[in-house]
Amino acid sequence: MNKSVFFGALTVAGLAVGAAAAGTLDDVKARGKLNCGVTTGLIGFAAPDANGEWKGFDVAVCRAVAAAALGDPAAVEFVPTTGKTRFTALASGEIDMLARNTTWTFSRDVDLKFTFVGVNYYDGQGFMVPRELGVSSAKELDGATVCIQTGTTTELNLADFFRSNNIEYEPVPIETNAEAQQQYLAGACDVYTTDASGLAATRAAFEDPSAHIVLPEIVSKEPLGPLVRHGDDEWGDVVRWTLNALITAEELGVTSTNVGEMSASAGDNPEINRLLGTEGTLGEMLGLDAGWASAAITAGGNYGEIFERNIGESTPIGLSRGLNAQWTDGGLIYSPPFR
């Protein structure tokens, strides 16, 4: 679900330089639509519903950017990508941004020539097994068959973990989460490994989620977030500060239900006023109108609203905020100031 490594590094890097030169913000405005790369389908993060409408945590970020840049959260074309195709799609200009549970790594930032604009979910790689297997720790998986997405850093993390614990495994290669789910349920592999959030989302889609457990070990750091091409700083700023607007809105108590009222009557909090465009010129600095952040927040709510509606404890996925709580609540979610 998360992480292609050096696959096609030189080709991707070359594509990125040419595509970025065009000026993505101008292209998006001229087109009247944002092309946003997402996963091929992971409930809670990015998946079409019964009516074909894309919904999820990452989808909400795409819609917020469309609202900020175009004033319309529906002006998005969602482009499904796999672990192998996502980076080429971004570098070639097929998509304007990638919001696909992608891990921020050195090589992706530097060698593949992408710019990660922030972290919208702090995660780590885990392991899911059938309860009937009787396993309570990943260290008990010696000799297990493991479903693993090809061309990903998940493969490298898996190899490191088994090697460091002096145990063996047999990989079962898969390309998409849907394929992994099918193979895992069919018994083609004993274990499925990917980001822990992805395991929770996958298990929630099972007929009997209680028949499967996510083991306690988290074997990597996976800071997930949206990314754009190197060399297109104006567009990168739009995506970065849209994400920051959602985070800051939660911190300051600005929600999808009160943003209109707070925008209409400037209050006593200067940062809220700057965020919502009732004072200052932050929108102008981005090449957007003054109400860009208000539009982004109205689209789907602030960061906390998006989290709780799509993947929070009241959803079948049932994720707690944990590291993804606001910094004021002991988490890592934190935005630079709007000033």
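Our structure's up above, just so we're on the same page.
Residues numbered from 1 in each chain as written. Predicted model: local features only at pLDDT ≥ 70, side-chain atom pairs only at ≥ 80, totals over all residues. Heavy atoms only, no water.

(A) View of the sheet that holds strand β12 (residues 212-214). Spatially, the five strands line up as an open sheet ordered β10-β9-β11-β8-β12, and their pairing is mixed. At either end of the open sheet lies a strand with only one pairing partner, and these are β10 (169-174) and β12. Shown here is a sheet whose adjacent strand axes are inclined to one another by a mean of 30°, direction ignored. (Pairing = 2+ DSSP bridges. Helix = DSSP H or I, 4+ residues; strand = E, 2+ residues; numbered from the N terminus. Axes fitted to C-alpha atoms, helices over the stretch in contact; angles between N-to-C directions.)

(B) Region of interest: the state of the cysteines. Applying the stated criterion across every chain yields a total of two disulfides. Residue pairing for Cys-36: its cysteine sulfur links by disulfide to Cys-62, the two sulfurs lying 2.1 Å apart. Judged by the sign of its S-S torsion, about -60°, the cystine formed by Cys-36 and Cys-62 is left-handed. Taken together, the residues Cys-36 in strand β1 (residues 34-39) and Cys-62 in helix α3 (residues 57-70) connect sequence positions 26 residues apart. (Disulfide = S-S within 2.5 Å.)

(C) Quick peek at the packing of aromatic side chains. All told, the structure shown has 17 aromatic pairs when counted by the stated rule. Centre to centre, the rings of Phe-45 and Tyr-121 are 6.1 Å apart; their planes meet at 85°, and the pair counts as edge-to-face. Of the two residues, Phe-45 is situated in the loop between β1 and β2 (47-48) and Tyr-121 in strand β7 (residues 121-123); the sequence distance between them amounts to 76 residues. We classify Phe-45 as buried; its relative accessible area is 1%. (Phe/Tyr/Trp six-rings, centres within 6.5 Å; stacked < 30°, edge-to-face > 60°. Buried < 20%, exposed > 50% of the residue type's maximum accessible area, 1.4 Å probe, protein only.)

Worth remembering: the numbers are spatial, not functional.
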